[in-house]
Structures are given as structure tokens and as C-alpha cells.
Amino acid sequence: MIKIKVPKLKMLDSVKLHVDALLTGAKEAIRPGTITIEYPRERRKLPDNFRGYILFSPERCKSCWQCSFVCPANAIKMELASNNRYYPSIDYAKCIFCHFCVDTCPVTALRPTKIHDVVYKDLEEMYTPTEGMVNPPKIIREEKYTVEYVVEGRDLILKRTREMDNLIPEIEPHAEVKEYSTCFDPESCLACGLCVNSCPVEAISITTVGQERRLKIDREKCYGCGICVNVCPMHILKLVKRPEEGG
Amino acid sequence: MGTQTETLEWRVKIPEKKIEGKAWLNLKKRVIDTGLCTHCSACALVCPVGGIISSPNQEIDFPEWEENCIDCGACIRACHRWEYTPLYDLGDYIDLTAGKSKRFKGQDGAMVTEFMASALEMGLIDRALFVGRDDEWRPVIYHIRSVDQLKNTRVTGTKYSYASVLPELKKAVEVTKKGVGVIGTPCIVTGVRKLQSEFKVFRDKINLVVGLFCMENFYYYQLRAYLEQKGVDLKKLVKMDITKGKFIATMTDSKVSFPVKEMDEIVPHGCESCTDFANVLADVSVGSVGSKAGYSTVVVRAEVGKKVLDYIKDKGYADFSKVNPEIIEKLTKLKKKRIKNIPEEYLSVAFKEDRKKNRENKENKENKENKENTE
Ligand SMILES: Cc1cc2nc3c(=O)[nH]c(=O)nc-3n(C[C@H](O)[C@H](O)[C@H](O)COP(=O)(O)OP(=O)(O)OC[C@H]3O[C@@H](n4cnc5c(N)ncnc54)[C@H](O)[C@@H]3O)c2cc1C
Ligand code: SF4
Ligand code: SF4
Ligand code: SF4
């Protein structure tokens with residue numbers, strides 16, 4: 001362990017620092033806006049990878065549940081949608097804005113924004129269903145300037161511009177990996193059918209013929225969400241890459 | 001673990017039910033309610049909905065089966081008592097020796113521990129399941145991954161209580177890279193073999209099965225009540241042992257002993273119908289009878305066991321001595337008699353056919369002899 005020592009200041013340095021502080025205070029009193037930002041009329045320039053409100057594109061989502069598995073705050077709940085698929089919802093009362101979900105999503109269905117100033121009336125309202133994640137929240141904005149902190153010498157300067165940067169950065173989506181589920185150890189199958197029941201698009205079927213159960217994965221229907229892979233108690237299913245079309 | 005092929009279509013044979021109703025009801029009525037269940041817990045291991053409870057304090061049960069059992073039949077496939085093929089005699093072996101480990105302290109010669117420790121060292125397995133205990137001798141399953149963990153004397157030694165080894169085996173098989181080692185009484189080992197015959201993953205991932213000789217085992221809660229009534233303080237208990245017909249409980253400050261015969265009333269039904277003393281399906285069977293005090297009797301049955309034994313000898317990890325097989329055979333004969341406790345209708349077809357053939361052979365032989373005699 002490294003311990004950082006508190007610098008021992010000489011009397012003279014200490015006096016100097018105090019005078020500095022008083023001067024800074026005086027400066028702000030005479031000419032305001034040199035230290036603080038006048039929110040909400042001004043907006044701080046945020047880095048491009050700022051972790052704020054999360055947006056969701058259902059048309060990209062594969063219902064793979066990875067976002068909900070990875071969330072350390074347990075803020076993501078998968079909700080059953082009317083098309084029988086599961087989509088994420090976020091409880092912002094729990095979310096710690098780590099964006100692990102955004103980073104984990106294999107198909108860029110979750111995207112980051114710089115929006116971080118949403119107001120809620122109560123905790124219940126902070127629960128955001130899937131529909132609420134599709135579009136950015138409606139916020140009445142009054143800001144006229146973007147303010148950027150710049151270090152110059154020993155000073156911190158506030159630079160103001162009229163240019164407003166985009167709160168929703170353009171994100172290049174990942175190239176989509178097309179996969180489907182297969183069984184690599186059928187001799188260990190319990191024939192329990194949990195995979196069949198878990199599949200959101202009915203790509204797996206089980207039929208009983210006499211003393212035999214027949215399982216079948218329809219490669220065309222399967223869209224590679226991997227839910228069955230997670231559900232299978234014997235861990236005998238896995239996703240494999242779909243061969244390139246026409247190649 | 002072999003090349004794996006990926007498939008989109010496969011078939012699974014499911015067992016024929018004996019009565020109408022869900023598979024669990026079949027297992028319960030045929031195996032558990034009839035007292036044939038050995039508490040091996042293979043059914044609890046496979047049940048995909050995790051509803052079957054294996055606890056040292058009660059019979060195997062699935063309280064919410066009516067709602068939760070999905071009728072897959074996996075439990076029936078895993079159960080070695082559904083179609084019961086009794087096993088008995090000393091069984092085949094390639095080496096028979098008495099051993100005493102120089103490295104570990106165990107029940108007898110700590111050869112069980114030595115086999116698993118050596119298998120770990122050899123890289124044959126990367127984890128072994130041991131039955132350890134808590135402060136009050138409740139069985140606790142340990143996943144042993146290094147030889148050092150075996151210096152803990154709570155992990156070695158005999159616990160005379162049913163232990164839920166098999167449900168842990170599922171977890172072990174899921175994480176292992178090199179393979180798993182299992183230790184068990186004959187029912188556990190028979191359960192492992194049944195799982196291996198039904199589900200490939202257990203064939204692929206279990207590399208060493210060490211079996212214990214066994215006359216009977218007990219439910220923890222019954223053993224505990226019994227011992228307490230005999231004045232045993234389980235917190236002070238350091239060793240339990242059954243030798244020469246006596247149960248000996250050694251405590252830090254005193255000893256209690258009484259004839260095992262007295263315990264007949266708490267011998268579980270599953271053991272009353274078990275005929276396997278020498279653990280005939282194990283790769284290596286280890287027991288106390290047959291060798292002098294402080295030594296374990298080691299019956300090596302499979303090549304893999306021989307390999308480990310050779311390694312132990314090479315490294316000089318153990319001292320060896322002679323075995324008296326007669327006394328083992330005496331006990332195997334004694335236990336074989338329990339076959340009369342198995343109702344005819346529960347014996348497997350394979351067993352009955354075998355028995356029929358044996359009887360016919362015997363009769364033919366006798367007839368021939370009689371003929372020769374009269375001639
Ligand atoms: C219930 C029971 C009954 C037995 N009855 C006889 C008998 O009648 N005659 C006879 O000669 N031998 C019997 N044995 C075997 C004997 O007690 C010793 O376990 C054996 O001789 C090995 O001694 P060891 O010093 O080599 O083993 P150790 O090196 O001490 O290792 C023994 C290992 O057995 C495992 N074990 C302990 N308790 C259980 C349990 N309840 N279920 C599964 N695994 C367990 C543990 O993992 C332990 O590490 C019985 C064992 C048990 C568990
Ligand atoms: S979930 Fe797994 S074990 Fe159950 S039927 Fe599907 S593939 Fe077989
Ligand atoms: S779910 Fe399957 S394994 Fe579990 S009790 Fe029912 S039939 Fe048996
Ligand atoms: S013998 Fe084993 S598999 Fe069969 S019912 Fe009993 S615990 Fe379950």
C-alpha cells in the first residue's frame with residue numbers, strides 16, 4: 001500500500017494560499033461566471049463517452065438477456081412484450097450508470113446519451129419501461145451556451161461558446177454476428193423440454209413418439225438469442241456462427 | 001473430451017412408467033415408499049426443476065411435485081433402484097493390497113485420501129468430492145482442489161450419515177477441466193454408474209471413482225438422536241468407528257461403545273435391501289476389514305486405479321502390507337443374504353434372466369452329476 005503524505009506547508013506558503021483563495025472569491029463577486037456554470041441557462045460540455053440516460057432500439061434487440069445478467073445494480077428487468085419477446089426496462093432508482101449493459105449488448109440495441117438531468121416526482125416514476133427507453137425524455141431546455149473547463153497554467157478557465165453539442169452521440173453499430181443454437185452433446189439430454197419452453201420464437205420443438213422424445217431446432221426460425229443455452233440444465237446447447245449467406 | 005458434433009435433431013429414450021401419473025409419482029411409489037431408495041440423490045442431481053430435496057435429515061422428497069414436476073422422467077432414468085440389479089461378492093479385481101498413507105490421517109490407513117491426492121498430483125483430476133463434517137458431525141461436501149486441503153482431518157475419515165455427494169457432482173462436472181474424482185458408499189457409486197450409463201457428460205468427466213466398503217449407513221438425525229441417548233456429545237466427538245461388531249464413539253475426554261446390532265432399528269430401509277458390501281462398481285474399493293489396524297484394504301479393479309497405485313508406490317507415499325480376503329468374503333456373503341428383502345417384482349429383468357440362466361446351468365450340472373453317479 002502506498003501512503004500519500006499530507007504536504008507540510010510552511011507558514012508563509014499557507015498565508016499565500018489563503019490570500020489566493022480570498023482573491024478568487026473576490027474575483028467571482030466582481031465578475032460572476034468565472035468559476036461556476038449557470039445551469040440551466042448554460043450547459044457543461046461533456047465528453048463523448050459520457051454515461052447518461054440509456055436509449056433502446058427494440059428492432060435491434062435479440063432478447064439475449066445479457067444486459068440484465070450483467071447489471072451490477074439489478075436495475076434491468078426483462079419485460080414480456082406483446083410480440084412474446086423479452087425487452088429490457090430500467091429502474092433509474094437503482095441504475096448506477098456504469099453502462100455495463102450498453103457495453104455488453106452484442107447488437108448495439110442499447111446506446112449511451114449525455115442526458116443526465118431528468119427530473120422525477122417519485123421513486124416509482126424512475127422505473128422506465130421499455131417504451132420509455134426508445135426516445136429521449138422530454139426536457140424543456142433553456143441553455144444558450146456550452147461551457148468548457150480549460151486548464152491554463154495554474155488557472156481553470158471557463159470557455160463559453162454558442163455552439164450546442166449533440167446530447168445523443170452518433171454510435172456506429174457493431175457488425176451483427178449471426179448465430180443459431182445447436183446441441184453438442186445430445187447423449188446427455190434430459191428431454192426435459194425447458195429449452196423448448198424458453199425459446200421466444202418457438203424454434204425448438206419436442207415431440208413424444210412412444211418411448212422416445214424427439215427434439216428439433218429449426219435453424220431458420222432461431223435468431224440466436226442464446227436463451228435456451230442459458231436455460232438448459234445440462235449445458236449441452238451452444239450458439240454457432242451462421243455460415244455467410246451465399247458463401 | 002473428444003470431438004463434439006453439433007446437431008439440430010436428436011432423440012432421447014424415456015423410461016416406461018409403471019403407474020399412471022407424473023414420473024416423480026412413479027419414482028416415489030415404486031422406489032421411495034417401498035423403502036428401496038438408497039438416498040444416493042442421483043434423482044436430485046438430474047431434476048431440471050431442482051425440486052427433489054436430498055437432505056441427511058429426511059427421505060428423498062419433492063414436496064411441490066404436483067405443481068412443479070414437469071414429467072420429464074430424468075429422475076427415473078437416474079435411479080439405480082427403479083429396475084434393481086443387486087450386486088454382491090468381492091467382485092473382479094486386478095490388485096489387492098493393504099496400505100497406510102504416510103502423508104495423511106484418515107479413518108484407517110487414509111488410502112482413500114491418498115488415492116485422490118495422488119490423482120490430483122498426477123493431473124488425472126482437478127477436483128475431488130470429499131465428505132467432511134461440521135462441528136456436530138453433519139456431513140458437508142468439500143470440493144478438494146489441492147493436496148493441502150486434505151490435511152484438514154474433518155475432511156478425511158468416515159461419517160456414518162447419508163451425504164448429498166451427487167448433487168455437488170453436477171456442479172463439479174460443470175466446472176472441471178481435467179475431470180472429477182468421487183468417493184462414495186456402494187449406493188453413491190452405483191448412482192454414479194447409472195448416471196454415466198444414461199448421460200454422456202458423466203462418462204466424459206468423471207475420471208476416478210473410489211468406493212468404500214459398507215455394511216450400512218444412517219440418517220444424520222437418527223444417528224444423532226441415538227448417540228445422544230447413549231451419552232455422546234457430538235461437539236466433543238473426534239472419531240466414529242465400527243469395528244468387530246462394535247460402534248465406537250471417541251470423544252476428546254471419553255469413549256462410548258456398544259454393539260452395532262443395537263442400532264438395527266435405525267438402519268434405513270434402503271440399506272436393508274442393499275447387497276453390495278465391497279463396492280463392486282468402483283475403480284478402487286477401500287475398506288477397513290481384511291487388513292491390520294491402521295491400514296486400509298485396497299481393492300484395485302480398473303486400470304485407472306492401478307495407475308494411481310503405481311504412482312503412490314513410485315513416490316513412496318504409503319506403506320503396504322498383506323490382506324486377508326477371507327474375512328472380506330465372509331462379510332460380502334453376509335450382506336448378500338439381504339437379497340431376500342427385495343420383493344421379486346422390483347428386481348430388474350436383466351437380473352432375473354441372469355439368475356435363471358445360472359440356475360439352469362447349476363441344474364444341468366447337477367443332473368449330469370446325478371446321471372454319472374447312477375451310472
Ligand atoms: C457409511 C459407511 C459405512 C462403512 N462400513 C464399513 C464396513 O462395514 N466395513 C469396512 O471395512 N469399511 C466400512 N467403511 C469404510 C471405512 O470406514 C473407511 O472409510 C475406509 O476403510 C477408508 O479408510 P481410509 O482411512 O482409507 O479413508 P480416509 O482417507 O479417511 O477417507 C475416507 C473418505 O470417505 C468419505 N466419506 C466419509 N463418510 C462418507 C459418507 N457418509 N458417504 C460418502 N463418503 C464418505 C470422505 O470423503 C472421506 O474422506 C464404511 C464407510 C462408510 C462411509
Ligand atoms: S433444456 Fe437441455 S436437457 Fe432439457 S431438453 Fe433442452 S437440450 Fe435437453
Ligand atoms: S421434473 Fe423430471 S426429474 Fe424432476 S421430479 Fe419431475 S420427472 Fe423427475
Ligand atoms: S435410490 Fe437414488 S435415485 Fe433412486 S429414488 Fe433413491 S435417491 Fe433417488
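Residues numbered from 1 in each chain as written. Chains lettered and ligands numbered in written order. Predicted model: local features only at pLDDT ≥ 70, side-chain atom pairs only at ≥ 80, totals over all residues. Heavy atoms only, no water.

Caption draft 1: Looking closely at the site of ligand 1. All names here are of chain B. In the vicinity of ligand 1 there are 32 residues, among which Asp108, Ala110, Thr113, Thr158 and Lys159 approach most closely. Thr158 is positioned with one of its side-chain polar atoms (N or O) 2.7 Å from an oxygen atom of ligand 1. Contacts to ligand 1 include Phe213, whose backbone N or O atom sits 2.9 Å from a nitrogen atom. In isolation ligand 1 exposes 900 Å². Once the protein is present, 97% of that is buried. Those elements that provide at least two residues to the shell around ligand 1 are α5 (111–122), β5 (127–133) and β12 (284–287). A per-class count over the shell around ligand 1 returns 16 nonpolar, 13 polar and three charged. (Near = heavy atom within 4 Å. Polar contact = N/O pair within 3.5 Å; in protein donor to acceptor, adjacent residues only side chain to side chain. Areas by Shrake-Rupley, 256 points an atom, 1.4 Å probe, with all protein chains shown as cover. Helix = DSSP H or I, 4+ residues; strand = E, 2+ residues; numbered from the N terminus. Nonpolar A, V, L, I, M, F, W, Y, C, P; charged D, E, K, R; others polar.)

Caption draft 2: Broad picture of the pairing of strand β7 (residues 180–184) of chain B. All names here are of chain B. By the criterion of burial, β7 is predominantly enclosed, with five of the five residues buried. Pairing of β7 with strand β8 (residues 206–212), which is carried by five bridges, proceeds in the parallel orientation. Note on β8: the bridge partner recorded for Gly181 is Leu208. (Buried < 20%, exposed > 50% of the residue type's maximum accessible area, 1.4 Å probe, protein only. Pairing = 2+ DSSP bridges.)

Caption draft 3: Representation of the domain arrangement of chain A in the model. Residue and element names in this part refer to chain A. You can read the domains of chain A as domain 1 (42–161) and domain 2 (179–241). Using C-alpha coordinates to define each centre, domain 1 is positioned 35 Å away from domain 2. Among the residues of domain 1 in contact with domain 2, Lys62, Asn84 and Arg85 are the three that bury the most area, contributing 60% of the side total. Our count for the contact surface shared by domain 1 and domain 2 stands at zero salt bridges. The tally of links from domain 1 across to domain 2 stands at three residue pairs in polar contact (both at pLDDT 80 or more). (Domains from an automatic or database assignment. Buried area = accessible area lost by both parts, 1.4 Å probe. Salt bridge = Lys/Arg side-chain N within 4 Å of Asp/Glu carboxyl O.)

Caption draft 4: Local environment of the site of ligand 2. Around ligand 2, a shell composed of Cys189, Leu190, Ala191, Cys192, Gly193, Cys195, Leu215, Cys232, Pro233, Ile236 and Leu237 of chain A together with Trp10 of chain B is seen. At the site occupied by ligand 2, the surrounding residues belong to chains A and B. Per-class residue counts for the shell around ligand 2 are 11 nonpolar, one polar and no charged.

Caption draft 5: Summary view of the pattern of salt bridges. Counted by the stated rule, this structure contains 40 salt bridges over all chains. For Lys238 of chain A, the salt bridge identified is with Glu6 of chain B, shortest N-O distance 3.4 Å. Taken together, the residues span two chains, with Lys238 of chain A in strand β12 (residues 237–241) and Glu6 of chain B in the segment before β1 (9–13). Judged by relative accessible area, Lys238 of chain A falls into the partly exposed class, the value being 29%. Linking Glu262 of chain B and Lys230 of chain B is a salt bridge whose minimum nitrogen-to-oxygen distance equals 2.7 Å. On the criterion of sequence distance, the pair formed by Glu262 of chain B in the loop between β11 (255–259) and α10 (269–272) and Lys230 of chain B in the loop between α9 (220–229) and β9 (237–243) is long-range, its members being 32 residues apart. Residues joined by salt bridges that share partners form a network here, namely Arg43, Asp48, Lys114, Asp117, Arg141, Glu143 and Asp165 of chain A.

Caption draft 6: Inspection of the packing of α5 of chain B against helix α11 (residues 303–315) of chain B at higher detail. Residues and elements named next belong to chain B. Two elements in contact, α5 and α11, have axes whose closest approach is 9 Å; the angle formed by their N-to-C orientations is 90 degrees. With respect to α11, the element α5 is oriented roughly perpendicular. Between α5 and α11, the contacting residues are Glu114, Phe115, Ser118, Ala119, Glu121 and Met122 on the first element and Gly305, Lys307, Val308, Leu309, Tyr311 and Ile312 on the second. Of the residues contributing to the contact of α5 with α11, the split by class is seven nonpolar, two polar and three charged. (Axes fitted to C-alpha atoms, helices over the stretch in contact; angles between N-to-C directions. Parallel < 35°, antiparallel > 145°, perpendicular 65-115°, else oblique. Contact = heavy atoms within 4.5 Å.)

Caption draft 7: Spotlight on the interface of chain A and chain B. Listed by partner, the interface residues are 30 residues for chain A and 28 residues for chain B. Counting the surface lost from both chain A and chain B, the interface buries some 2700 Å², and carbon and sulfur atoms represent 58% of this. If you sort the residues of chain A by the area they bury against chain B, Leu190, Gln211 and Arg213 of chain A come out on top, with a joint share of 23%. Counting across the interface, chain A meets chain B through four salt bridges.

Caption draft 8: Focus on helix α7 (residues 186–198) of chain B. Residue and element names in this part refer to chain B. If you check α7, its first and last C-alpha atoms are 18 Å apart, about what 13 residues at 1.5 Å a residue would give, namely 18 Å. Most of α7 is tucked away, with 10 of its 13 residues classed as buried. Regarding α7, the residues found buried are Pro186, Cys187, Ile188, Val189, Thr190, Gly191, Val192, Arg193, Leu195 and Gln196. The inward-facing, buried residues of α7 contact α2 (42–46), α4 (74–78), α6 (165–175), β7, α8 (200–205) and β8. (Expected span 1.5 Å × (residues − 1).)

Caption draft 9: Spatial organisation of the domain arrangement of chain B. All names here are of chain B. Examined at the domain level, chain B breaks down into domain 1 (4–78) and domain 2 (95–219 + 268–338). For domain 1 and domain 2, the distance between their C-alpha centroids amounts to 26 Å. Contact with domain 1, which involves 19 residues of that partner, is made by 19 residues of domain 2. Both sides of the domain 1 and domain 2 interface together cover about 1700 Å² of buried area, and 63% of this is carbon and sulfur. The largest per-residue losses of area from domain 1 upon contact with domain 2 belong to Leu45, Pro56 and Arg77, which jointly make up 39% of the total buried on that side. Among the salt bridges present, the one from Glu198 reaches Arg77, with a minimum N-O distance of 2.9 Å. The interface formed by domain 1 and domain 2 includes five residue pairs in polar contact (both at pLDDT 80 or more). For the side of domain 1 that touches domain 2, the elements supplying multiple residues, two or more each, are α2, β2 (53–55), β3 (58–61) and α4. A per-element tally of the side of domain 1 that touches domain 2 places α2 first, with four residues.

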